[in-house]
Amino acid sequence: GGWRVRLGLLGGWTMREALWGRWSIRRLSLLSLACVASAAATLVNPYGVGLWAFLAQTVSWSRSDIIEWRPIWSVPVLWLGWSLTTLTAVVALSRRSWHRVSAAFPVLAFAGAAFSVGRLDAFYGFMVSVMCAPAFASRQDPTTEDATGLPAWRTIEAIGLAVLYAAMIPTMRCLPVPSYIPDAQSVRFFRNLGRTARVVTDFPYGEYAIWHLAPRILISMDGRRETVYSESVIQAHHNFYRGEDPGYAARVGADYVWLRKDGAAVAALKSSGWRTAVAGERSV
């Protein structure tokens, strides 16, 4: 889905040139042709316009079950990159020695997008690098530059960088293994099972199982999501993961359920008569 963002970036650049750039019919014609050709090129695939329809359904703003798709305030480590990029943009837009108005709209648009969806922070960084670079281009001869002090924007960024890193230190003392990574105990259990089993899997475990445990277990869900599973199956799994429908595992004929240890469905399953076969460090 990243090409949708890049197509928007190309379109935004063309609008910038049309509104604030050098008025050249040839230049604008070439940029417009590039936009049209790029959009048309996305149709050169086995599904044609079906690819657009599919991405319209799947690449949206509501993928809260995927960590990097969440807003940056819910994932603390994402604050660092976004904040430093924003600091750079603010310093650039405060300088009057360049056409800052032409860069303000795309920079602000990507700042808001990256704030809402954490995984867009890289695109935001690219946008600020490209659009704000002229603000830091010095016309002064570097051999005559005053070496007694740093320019104001460098001082501001240095202070901002120090403050942000200091704020992040408490979260950087260790790198814990996330709960969505399977533990050795559970993996060993399935490898030693000796027969094929039907398993209702936690969302992130399915992809691991396909790669490392096939054909020992048959899984109920994995990272392919909308390309393989229907909307009703995805919703049924979400209800199950939240502990709202512990009977789902029995209805689909599961022999085992493989979930994160801290998942809400674990207690619901135990109260419904399921027993623990193995409890690992992070999964059960």
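Definitions and limits used
Residues numbered from 1 in each chain as written. Predicted model: local features only at pLDDT ≥ 70, side-chain atom pairs only at ≥ 80, totals over all residues. Heavy atoms only, no water. Helix = DSSP H or I, 4+ residues; strand = E, 2+ residues; numbered from the N terminus. Buried < 20%, exposed > 50% of the residue type's maximum accessible area, 1.4 Å probe, protein only. Arc of directions from axis to C-beta. Contact = heavy atoms within 4.5 Å. Core = buried A, V, L, I, M, F, W, Y, C linked by side-chain atoms within 4.5 Å.

K.L.:
Whenever I open this one, the overall build of the protein chain confuses me. Can you help?
P.N.:
Along the protein chain, the regular secondary structure elements total 12 helices and three strands. The 284 residues of the protein chain split such that 33% are buried.

K.L.:
Whenever I open this one, helix 9 (residues 203-212) confuses me. Can you help?
P.N.:
Quick reminder: α-helices carry 3.6 residues per turn. Residues three or four places apart thus point the same way. Among the residues of helix 9, those classed as buried are Phe-203, Tyr-205, Gly-206 and Ala-209. What you see down the axis of helix 9 is that its buried residues fit within an arc of 140°, all on one side. With respect to the buried face of helix 9, the exposed residues turned more than 90 degrees away are Glu-207 and Trp-211. Lining the buried residues of helix 9 we find strand 1 (197-201), strand 2 (217-219), helix 10 (231-241) and strand 3 (256-258).

K.L.:
Help me understand the nonpolar core, please; the structure alone is not making it clear to me.
P.N.:
Considering soluble globular proteins, one finds that nonpolar side chains tend to be buried as a cluster. Ranked by size, the top nonpolar core spans 23 residues in total, and within it Val-107, Leu-120, Tyr-124 and Val-128 carry the most contacts. Elements represented by at least two residues in this core include exactly helix 4 (78-93), helix 5 (100-116) and helix 6 (121-132). Setting aside chain neighbours within four positions, we find Val-128 in contact with Thr-85, Thr-88, Ala-89, Val-107 and Ala-133. In this structure, Val-200, Ile-234, Leu-259 and Ala-265 belong to the second largest nonpolar core, which totals 17 residues.

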